[in-house]
Amino acid sequence: MHKARKRFGQNFLTDSLIIRKIVDSIAPAPGQLLIEIGPGQAALTRPLADSGAELHLVEIDRDLAARLEREFQGNPNVTVHVGDVLKTDFGEITGGRPFRLVGNLPYNISTPLLFHVLQWSDLLIDMHFMLQQEVVERMAAMPGNKAWGRLSIMCQYRCEIAPLFTVRAESFTPVPKVQSGIVRLVPHREPPVRIDSLDAFQRLVIQAFSMRRKTLRNSLRGLLSAAVIESAGIDPGLRPETLSLQQFADLSLLME
Ligand code: SAM
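Given the structure is predicted, the values throughout are model-derived calculations rather than measurements.

Observations concerning the pattern of salt bridges
Side chains carrying opposite charge are able to pair once their charged atoms draw close together.
In step 1: A full pass over the atoms with the stated rule returns eleven salt bridges.
In step 2: Of the charged contacts, one joins arginine 203 and aspartate 199 as a salt bridge, the two residues approaching to 3.5 Å between their closest N and O atoms. In this pair, arginine 203 and aspartate 199 both sit in helix α8 (residues 198-210), four residues apart, roughly one turn of the helix.
In step 3: As a salt-bridge pair, glutamate 241 and arginine 212 come within 3.8 Å of each other at their nearest N and O atoms. Here the residue glutamate 241 occupies a position in the loop between α10 (226-231) and α11 (245-252), and arginine 212 occupies one in the loop between α8 and α9 (216-219), the gap between them amounting to 29 residues.
In step 4: For glutamate 241, a relative accessible area of 17% puts it in the buried group.
In step 5: Through salt bridges with shared partners, one network takes in Arg5, Asp61 and Asp63.

Have a look at this one:
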């Protein structure tokens, strides 16, 4: 028996109905290149491997990786990579071929992972992640909703986000403290709005939401004057959570 390691965020899926539902949503097909992050004890890996997809596993825990090597050694479609996914070169694994990404992720690496893997967004067909449900809600939030913020804007600029379903804490062993959810992210082939500088756009969004309760006039002080905000047709007396992705993009074009 493997003892779950907290430092690697190990909560293993043990609910066969949920495992089926997740794999059905992914709908892997023979010949597809699929990378699973954090396969753990192979709850998702087995049905993914049965699909006939070319499956690459990235697991940080050496003991689990060794078990996975043993379990799948006779299967030419499965390759185990031992290491930290945040340092993984997806170009090397894929050899530049289009790929799909799947993972029941440790919650603390979900956001850095997303931005790491988006370096290969040209090759990335889609991603299916199990995340903390609250994170799924923030990713998929709409303007005006209190979950709308930096994560929603940066994710929606890069991807189309589809929350699929929630997963009860009891579906895992050990049982986590939070509810989880499955989300599908599909990188946009063309950006949904025009921005000239990702850096300026990011700075604007970070500053706007660092003081959620303040009006744009106050929170954007030093970046954009009230007059410039108004010139984009936006009332500087608004709060950042009411602005759309398009409006943030428009404002970023006015930054020095
Ligand atoms: N996929 C399995 C399941 O659904 O039961 C395990 C999920 S568990 C929440 C997260 C898995 O990710 C663990 O196997 C853990 O060792 C692995 N992991 C944690 N941090 C990682 C990292 N930085 N890179 C790769 N794998 C990681």
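Focus: helix α3 (residues 62-72)
In step 1: Looking at α3, one finds that the buried residues are Leu64, Ala65, Leu68 and Phe72. The buried residues of α3 occupy an angular sector of 100 degrees when projected down its axis, which confines them to one face. Looking at α3, the residues exposed on the side facing more than 90 degrees away from the buried face are Arg62 and Arg70.
In step 2: Contacts from the buried residues of α3 go to β1 (12-13), α2 (45-50), β3 (54-59) and β4 (78-82).
In step 3: The backbone nitrogen of aspartate 63 has a side-chain oxygen 2.9 Å away, supplied by the residue at the start of α3, namely aspartate 61.

Focus: the sheet that holds β4
In step 1: As summarised here, the arrangement of the seven strands in space is β4-β3-β2-β5-β6-β9-β7, forming an open sheet in which the pairing is mixed. Lying at the two open borders of the sheet, with one neighbouring strand each, are β4 and β7 (159-167). Direction aside, the axes of adjacent strands within the sheet are offset by 20 degrees on average.
In step 2: Pairing analysis gives eight bridges linking β7 to strand β9 (residues 180-187), with the strands arranged antiparallel. Residue pairing for β9: phenylalanine 165 is matched across the bridge by isoleucine 182.

Remarks on the site of the ligand
In step 1: Around the ligand sit 22 residues in total, of which Leu13, Gly38, Glu59, Asp84 and Asn104 are the nearest.
In step 2: Taking glutamine 10, its side chain carries an N or O atom lying 2.9 Å from an oxygen atom of the ligand.
In step 3: A distance of 2.8 Å separates a nitrogen atom of the ligand from a polar side-chain atom of aspartate 84.
In step 4: Out of a free accessible area of 590 Å², the ligand has 97% covered by protein chains.
In step 5: For the shell around the ligand, the elements supplying multiple residues, two or more each, are β1 and β3.

Observations concerning the environment of threonine 215
In step 1: Turning to its location among the elements, threonine 215 is positioned in the loop between α8 and α9.
In step 2: For threonine 215, a relative accessible area of 21% corresponds to the partly exposed category.
In step 3: Along the primary structure threonine 215 and leucine 238 are separated by 23 residues, whereas in three dimensions their C-alpha atoms are 5.2 Å apart.
In step 4: Beyond its immediate stretch of four places on either side in the chain, threonine 215 contacts Pro236, Gly237, Leu238 and Arg239.

Focus on the packing of aromatic side chains
In step 1: Counted according to the given criterion, the structure contains four aromatic pairs.
In step 2: For the ring pair phenylalanine 90 and phenylalanine 99, a centre distance of 5.7 Å and an interplane angle of 5 degrees mean the geometry is stacked.
In step 3: On the basis of an interplanar angle of 35 degrees and a centroid distance of 5.7 Å, the ring pair of phenylalanine 209 and phenylalanine 248 is categorised as tilted. Here phenylalanine 248 lies in helix α11 and phenylalanine 209 lies in helix α8, a separation of 39 residues in the sequence.
In step 4: Judged by relative accessible area, which is 11%, phenylalanine 209 ranks as buried.
In step 5: On the basis of relative accessibility, which here comes to 0%, the residue phenylalanine 248 falls in the buried class.
In step 6: An aromatic cluster is built from Phe90, Phe99 and Trp120, whose rings are joined through pairwise contacts.
In step 7: Sitting above the plane of the phenylalanine 8 ring, arginine 7 keeps its charged end 4.6 Å from the centroid.
In step 8: The residue whose ring lies beneath lysine 21 is phenylalanine 165, and the NZ or CZ to ring-centre distance is 4.4 Å.

Parameters and conventions
- Residues numbered from 1 in each chain as written.
- Predicted model: local features only at pLDDT ≥ 70, side-chain atom pairs only at ≥ 80, totals over all residues.
- Heavy atoms only, no water.
- Salt bridge = Lys/Arg side-chain N within 4 Å of Asp/Glu carboxyl O.
- Helix = DSSP H or I, 4+ residues; strand = E, 2+ residues; numbered from the N terminus.
- Buried < 20%, exposed > 50% of the residue type's maximum accessible area, 1.4 Å probe, protein only.
- Arc of directions from axis to C-beta.
- Contact = heavy atoms within 4.5 Å.
- Polar contact = N/O pair within 3.5 Å; in protein donor to acceptor, adjacent residues only side chain to side chain.
- Pairing = 2+ DSSP bridges.
- Axes fitted to C-alpha atoms, helices over the stretch in contact; angles between N-to-C directions.
- Near = heavy atom within 4 Å.
- Areas by Shrake-Rupley, 256 points an atom, 1.4 Å probe, with all protein chains shown as cover.
- Phe/Tyr/Trp six-rings, centres within 6.5 Å; stacked < 30°, edge-to-face > 60°.
- Lys NZ or Arg CZ within 6 Å of the ring centre and 35° of its normal.

Taken by themselves, the reported measurements are silent on function.
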